[in-house]
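Residue-level listing of the chains:
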Amino acid sequence: MAWDFETDPEYQRKLDWVAEFVRTEVEPLDLLYPNPYDRADPAIRALMRPLQQQVKEQGLWACHLGPELGGPGYGQLKLALLNEVLGTSMWAPLVFGCQAPDSGNAEILAHFGTDEQQAKYLRPLLDGEIGSCYVMTEPTGGSDPTAFKTTAVRDGDSWVINGEKWFNSAAEFATFHIVMVVTDPEAEPHRRLSMFIVPADAPGLELVRNFTVPGFSEHEGHLRFTDVRVPADHLLGAEGAGFLVAQTRLGGGRVHHAMRTVALVRKAFDMMCERAVSRPARKGVLGGFQMTQERIADSWIQMEQFRLLVLRTAWRIDKAQDYRAVRADIAAIKIAMPTVMNDIARRALHLHGALGVSDDLPFLDMTTYAEVMAIADGPTEVHKITLAKEVLKKYAPADPVYPSGYRPALREQARALVAERLDREVGDL
């Protein structure tokens, strides 16, 4: 049995390099170019390429991928430690080749794509030449696949897609979309769906508008599919296996969101503590007041509990090599994430007073991010149901009237046990 709370020195040196690199070379770009996803922007490309090259020289490019796909094959635990650094910056995941939604889409293509699909879409995606979009949620069905209405109907050697999808991140910058649609309305709920690759320039595919989520994204696309025809060989996986394909990316996506949230939580906490020791307040500074001290203590405990839960979940995924085996843990970090982020960002905001509610500081963006994380990849309420079901599987029913902790019954059992022992001990004298 082994328990270890230390990072091996060699990897720690890499993390130290990443922290300095992100702080000095990457984070400044967030202030001037808040949207790094537009690969057609010559300024974005000019700034991104040299940074990506430095990352590749350090052997840190696309660390979520195995060597066969051009990555170092880091497990989830190492990824968690890396993402604790990258999560402070919008640019950092793209600079390191592990940005959403491309990382999850690459995982789908790696697992389910044919040789032709991988050559056309996966390789340039991994090289950072193109971007992609994951298209799932709908105006009426939300994120519940069993309620989806967008359909694909087979017509000869093509599929014809009709319907609407929305809140598709960075859709306008994507070269292709991975789209979940209904292919068999009469099948059982989790066999109705299939997954397709849809080129962004396919006739009939319309970007209706972009939704803006203040402080988070201005590029959440509403897509309309009107007789969009895609070749039959653009099906990903088997027909009717869309739910299975989706779970391949969603499990990892939820974990990686949590990993990056650790970074933002720590940033808010550090700013709160800095404020506490800096801001004059009557005969001292804010940190001298008990209420401030209580906020810092509560925040530190929440932050460290959440971080350890994320790291243990990553460790368990590495052990199991199967997201489904760690469903309860993944659900738990998904549930905890928005609460921890919101609580600590809000406390930090209050310590900064009026300046804290302005956009000169990041706290309102952080609280918005917390609410986004409570909805993205399935709402918190759904994950609470998942967690409870997984936990309850481990328990067996007891007497419906007198539970196993009923003291009178336990007392009688204790008396019988003690009497037997005494008889045995006395009999041996």
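What counts and what doesn't
- Residues numbered from 1 in each chain as written.
- Predicted model: local features only at pLDDT ≥ 70, side-chain atom pairs only at ≥ 80, totals over all residues.
- Heavy atoms only, no water.
- UniProt positions renumbered as here; feature names shortened; annotations may be inferred.
- Helix = DSSP H or I, 4+ residues; strand = E, 2+ residues; numbered from the N terminus.
- Phe/Tyr/Trp six-rings, centres within 6.5 Å; stacked < 30°, edge-to-face > 60°.
- Buried < 20%, exposed > 50% of the residue type's maximum accessible area, 1.4 Å probe, protein only.
- Lys NZ or Arg CZ within 6 Å of the ring centre and 35° of its normal.

Within an unreviewed UniProt entry, the label attached to the protein reads Acyl-CoA dehydrogenase family protein, and the organism entered is Nocardia rhizosphaerae. As recorded by UniProt, the Subunit (unreviewed entry) comment attached to the protein reads in full: "Homodimer." Of the protein, the UniProt comment under Sequence similarities (unreviewed entry) reads exactly: "Belongs to the acyl-CoA dehydrogenase family."

Let us look at the UniProt feature "domain: Acyl-CoA dehydrogenase/oxidase N-terminal" (unreviewed entry) in the protein. Mapped onto this structure's residue numbering, the UniProt feature "domain: Acyl-CoA dehydrogenase/oxidase N-terminal" (unreviewed entry) falls at residues 11-129. Within the segment residues 11-129, helix and strand shares are 64% and 0% respectively, and the terminal C-alpha atoms sit 28 Å apart.

Scanning the model with the defined rule gives 11 aromatic pairs in all. Ring plane angle 55° and centroid distance 4.8 Å describe the contact between Y121 and F176, whose orientation is recorded as tilted. In this pair, Y121 sits in helix α6 (residues 115-126) while F176 sits in strand β4 (residues 176-182), placing the two residues 55 residues apart along the sequence. Judged by its relative accessible area of 0%, F176 is buried. Taken together, a centroid distance of 5.3 Å and an interplanar angle of 85° make the contact between W166 and F211 edge-to-face. A residue pair is termed long-range when its members are at least 10 positions apart, and W166 in strand β3 (residues 158-169) and F211 in strand β6 (residues 205-213) qualify at 45 residues. Owing to a relative accessible area of 25%, W166 belongs among the partly exposed residues under this scheme. Look at F211 and you get buried, because its relative accessible area is 12%. Grouping aromatic residues by their ring pairs yields a cluster made of W17, F21 and F96. K78 extends its terminal NZ or CZ atom over the ring of Y11, reaching a point 4.9 Å from the ring centre.

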